[in-house]
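The chain contents come next:
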Protein chains: 2
Amino acid sequence: MKIYLAGPDVFLPDAVAIGKAKAEICTRYGLSGLYPLDNGLDLSDGEASLKIFRSNEAMMDAADAVIANLAPFRGPSADAGTVYELGYMAGRGKLCLGYCNDPAVYADRVRRLGDVVARDGRLVDAHGLTVEDFGLTDNLMMIHALDTHGCALVTPPRASADIWRDLTAFETCVRLVADRLGAASTSSRG
Amino acid sequence: MKIYLAGPDVFLPDAVAIGKAKAEICTRYGLSGLYPLDNGLDLSDGEASLKIFRSNEAMMDAADAVIANLAPFRGPSADAGTVYELGYMAGRGKLCLGYCNDPAVYADRVRRLGDVVARDGRLVDAHGLTVEDFGLTDNLMMIHALDTHGCALVTPPRASADIWRDLTAFETCVRLVADRLGAASTSSRG
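Conventions adopted
Residues numbered from 1 in each chain as written. Chains lettered and ligands numbered in written order. Predicted model: local features only at pLDDT ≥ 70, side-chain atom pairs only at ≥ 80, totals over all residues. Heavy atoms only, no water. Helix = DSSP H or I, 4+ residues; strand = E, 2+ residues; numbered from the N terminus. Expected span 1.5 Å × (residues − 1). Buried < 20%, exposed > 50% of the residue type's maximum accessible area, 1.4 Å probe, protein only. Phe/Tyr/Trp six-rings, centres within 6.5 Å; stacked < 30°, edge-to-face > 60°. 1 Å grid on protein atoms, 1.4 Å probe; cavity = no way out; pocket = protein on both sides within 12 Å on 5 of 7 lines; lining within 4 Å. Points joined across faces, edges and corners; volume = space filled by probe spheres on them. Nonpolar A, V, L, I, M, F, W, Y, C, P; charged D, E, K, R; others polar. Least-squares fit on C-alpha atoms with pLDDT ≥ 70 in both. Contact = heavy atoms within 4.5 Å. Buried area = accessible area lost by both parts, 1.4 Å probe. Salt bridge = Lys/Arg side-chain N within 4 Å of Asp/Glu carboxyl O. Polar contact = N/O pair within 3.5 Å; in protein donor to acceptor, adjacent residues only side chain to side chain. Pairing = 2+ DSSP bridges. Right-handed = clockwise from strand over helix to strand, strands pointing away. Core = buried A, V, L, I, M, F, W, Y, C linked by side-chain atoms within 4.5 Å. Axes fitted to C-alpha atoms, helices over the stretch in contact; angles between N-to-C directions. Parallel < 35°, antiparallel > 145°, perpendicular 65-115°, else oblique. Left-handed = near helix turned anticlockwise from the far one by under 90°.

**What to know about helix H3 (residues 80-91) of chain B**
Residue and element names in this part refer to chain B.
Stage number 1. When the terminal C-alpha atoms of H3 are compared, their 16 Å separation across twelve residues agrees well with the 16 Å that a helix rising 1.5 Å per residue should span.
Stage number 2. Within H3, burial applies to Ala80, Gly81, Thr82, Val83, Tyr84, Glu85, Leu86, Gly87, Tyr88, Met89, Ala90 and Gly91.
Stage number 3. Two residues or fewer after H3 comes Gly93, characterised by a positive phi angle close to 80°.

Here's what the structure looks like:
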């Protein structure tokens, strides 16, 4: 069983090492982790971005499930590329899982950017735009996509000391996928 | 033909009026616009967010195409819920279109948040995370999803005076959908 490993991990300086660590965890649970890295590509190629897209889409099409790293990225919500990929996999009917090492609810994440006030029965930000206030960590579409098309978002009780490198919640997702897909585990599961 | 109208427009104070204006443009081109509004729902209902999710997913499943408003939202990228929906529609094999009234490229959008510097042949942000630098307005997954599963992102040459309410690029998308889907237009097309 193949698992597409979506996340902004690819933007980290140690992206290769993190991908390797994630793939090794998958292997321990009898699963094959597909990690989208553009390292093999010449980024000065005028078609580099299109080639990366096609490579990622082909990997998603080949996978049975996705595990998305939904850590907040340059704002209160998850990385846009990761969110796109979660949507794509849900649309394709694949098993959808996700984790987030920052369990803060969305309204609190927006508060980090500036004022959030109550107006006309809704929370609004400094620009007067409604702030979702359902006690969820991110936009309801992703959170309930996981509930509906896979497993509920996995979060730690408190934010991880290293949001980007703590793979505890990720491993929980791998275990859930292995259980769901009935993969033969070669590990002793905790 | 039904078009799902995705976008953070639903978070604006005049969300209902904007949805009405968008639906009217669709009607002029012989199309039916489906606008996800939660107005009918009791937001204090403990299951409100799940009901909104299910309603939006049912609308997407019923639609032939999506037009996504990919304006930057609380950061350099588009609204996460909208991005999820674009991915879902691409995964379902629907026709995918999008527009953005801010044509700034992604690296410049990240520069609005803070320093972006070149390091080891890549652009990185203040946290050392790679900044995509392909001359695209947003993450390559969404931009090339449009190229691959519909039409290239529609942007104005310069940022609109009112990013949220200028429907010129939106109307271009509607016209493209009408042309692609062969809808009977009842308007004189510009």
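**Description of the packing of aromatic side chains**
Stage number 1. Scanning the model with the defined rule gives eight aromatic pairs over all chains in all.
Stage number 2. Measuring from centroid to centroid gives 6.3 Å for A:Tyr84 and A:Tyr88, while their planes differ by 25°, and the two rings are stacked. A residue pair is termed a helical-turn pair when its members lie 3 or 4 positions apart in one helix, as A:Tyr84 and A:Tyr88 do in helix H3 (residues 80-91) at four residues.
Stage number 3. Taking the relative accessible area as the measure of exposure, A:Tyr84 reaches 0% and is therefore buried.
Stage number 4. The class for A:Tyr88 is buried, based on a relative accessible area of 3%.
Stage number 5. Summarising the aromatic geometry, the rings of B:Phe73 and B:Trp164 are spaced 6.3 Å apart at their centres and angled 85° between planes, so their arrangement reads as edge-to-face. Here B:Phe73, found in the loop between strand S3 (65-69) and H3, pairs with B:Trp164, found in the loop between helix H5 (140-149) and helix H6 (168-181); they are 91 residues apart in sequence, far enough to count as distant. This pair shows no difference in class: B:Phe73 is buried, exactly as B:Trp164 is.
Stage number 6. An aromatic cluster is present here, built from A:Phe11, A:Phe73 and A:Trp164 joined pairwise through their rings.

**With respect to the layout of surface pockets**
With a probe scaled to a water molecule rolled over the atoms, the places where space remains empty come into view.
Stage number 1. Reported here for the largest pocket is a volume of approximately 520 Å³.
Stage number 2. In this structure, the largest pocket is lined by 19 residues; those nearest its centre are A:His127, B:Pro72, B:Phe73, B:Arg74 and B:Gly75.
Stage number 3. Each residue belonging to the lining of the largest pocket can be placed in one class, and the counts come to ten nonpolar, three polar and six charged.

**So, the relation of the copies chain B and chain A**
Stage number 1. Taken as rigid bodies, chain B and chain A are interconverted by a rotation of 180° and an axial shift of 0.0 Å, the fit giving an RMSD of 0.0 Å. Here the symmetry operator amounts to a two-fold rotation axis.
Stage number 2. Most of the interface of chain B is mirrored in chain A, where 100% of its interface residues again form contacts.

**Quick notes on the interface of chain B and chain A**
In many analyses, interface size is given as the accessible surface area lost on bringing the parts together.
Stage number 1. Across the contact, 53 residues belong to chain B and 53 residues belong to chain A.
Stage number 2. In total, chain B and chain A occlude about 4,100 Å² of area from one another, counting both sides; carbon and sulfur atoms represent 66% of this.
Stage number 3. It is B:Arg74, B:Tyr84 and B:Met141 in chain B that bury the most area against chain A; as a group they hold 20% of the surface buried on that side.
Stage number 4. At the boundary of chain B and chain A, one finds two salt bridges.
Stage number 5. For A:Arg74, the salt bridge is made with B:Asp125, and the minimal N-O distance between the two is 2.9 Å.
Stage number 6. Run the count over chain B and chain A and you get 18 residue pairs in polar contact (both at pLDDT 80 or more).
Stage number 7. Contributing elements (two or more residues each) for the side of chain B that touches chain A: helix H2 (48-62), H3, helix H4 (106-111) and H5 of chain B.
Stage number 8. Classifying every residue of the side of chain B that touches chain A gives 29 nonpolar, 14 polar and ten charged.

**A short note on the pattern of salt bridges**
All names here are of chain A.
Stage number 1. Across all of its chains, the model carries 22 salt bridges over all chains by this definition.
Stage number 2. Between Glu24 and Lys20 there is a salt bridge, with its nearest N and O atoms 3.5 Å apart. Of this pair, Glu24 and Lys20 both sit in helix H1 (residues 15-28), four residues apart, roughly one helical turn.
Stage number 3. Relative accessible area serves as the criterion here: at 43%, Glu24 is assigned to the partly exposed category.

**Re the pairing of strand S1 (residues 2-6) of chain B**
Residue and element names in this part refer to chain B.
Stage number 1. In terms of burial, S1 is largely enclosed, as four of its five residues are buried.
Stage number 2. Where S1 lies against strand S2 (residues 32-34), three bridges are found, and the strand directions are parallel. Residue pairing for S2: Tyr4 is matched across the bridge by Leu34.
Stage number 3. Of the crossover connections in this fold, the one passing from S1 over helix H1 (residues 15-28) to the parallel S2 is right-handed.

**Some points on the nonpolar core**
A general trend in soluble globular proteins is that nonpolar side chains are found buried together.
Stage number 1. Within the largest apolar cluster, 57 residues are counted, with the highest numbers of intra-cluster contacts made by A:Tyr84 and B:Tyr84.
Stage number 2. Contact partners of B:Tyr84, with chain neighbours within four places excluded, come to A:Val83, A:Leu86, A:Gly87, A:Ala90, A:Met141, A:Met142, A:Ala145, A:His149 and B:Phe53.

**A word on the environment of B:Lys2**
All names here are of chain B.
Stage number 1. Tracing the backbone through its elements, the reader meets Lys2 in strand S1.
Stage number 2. Separated by 61 residues in the primary sequence, Lys2 and Ala63 have C-alpha atoms spaced 4.7 Å apart.
Stage number 3. Leaving out residues up to four positions away in the same chain, Lys2 has contacts with Ser32, Leu34, Ala62, Ala63, Asp64 and Ala65.

**Observations concerning the sheet that holds strand S3 (residues 65-69) of chain A**
Residues and elements named next belong to chain A.
Stage number 1. Reading across the sheet, the four strands line up as S2-S1-S3-S4 and stay open at both edges, with parallel pairing between neighbours. Two strands bound the open sheet, and with one partner strand each, they are strand S2 (32-34) and strand S4 (95-99). Taken over all neighbouring pairs, the strand axes of this sheet differ in orientation by 25° on average, direction set aside.
Stage number 2. Relative to S3, strand S1 (residues 2-6) is paired through four bridges, and the arrangement is parallel. Bridge assignment links Leu5 to a residue of S3, and that residue is Ile67.
Stage number 3. Contacts from helix H6 (residues 168-181) reach S1, S3 and S4 within the one sheet, and its direction differs from that of S4 by about 160°.

**Details of the packing of H3(A) against H3(B)**
In a pair of packed helices, the angle between the axes and the distance between the axes together describe the arrangement.
Stage number 1. At a minimum axis distance of 6 Å, the contact between H3(A) and H3(B) shows a crossing angle of 40°. Classified by the angle between their axes, H3(A) and H3(B) sit oblique to one another. Between H3(A) and H3(B) the crossing geometry is right-handed. Residue-level contacts link A:Ala80, A:Val83, A:Tyr84, A:Leu86, A:Gly87, A:Tyr88, A:Ala90 and A:Gly91 of H3(A) to B:Ala80, B:Val83, B:Tyr84, B:Leu86, B:Gly87, B:Tyr88, B:Ala90 and B:Gly91 of H3(B).
Stage number 2. Among the residues making up the contact of H3(A) with H3(B), the classes are represented as twelve nonpolar, four polar and no charged.

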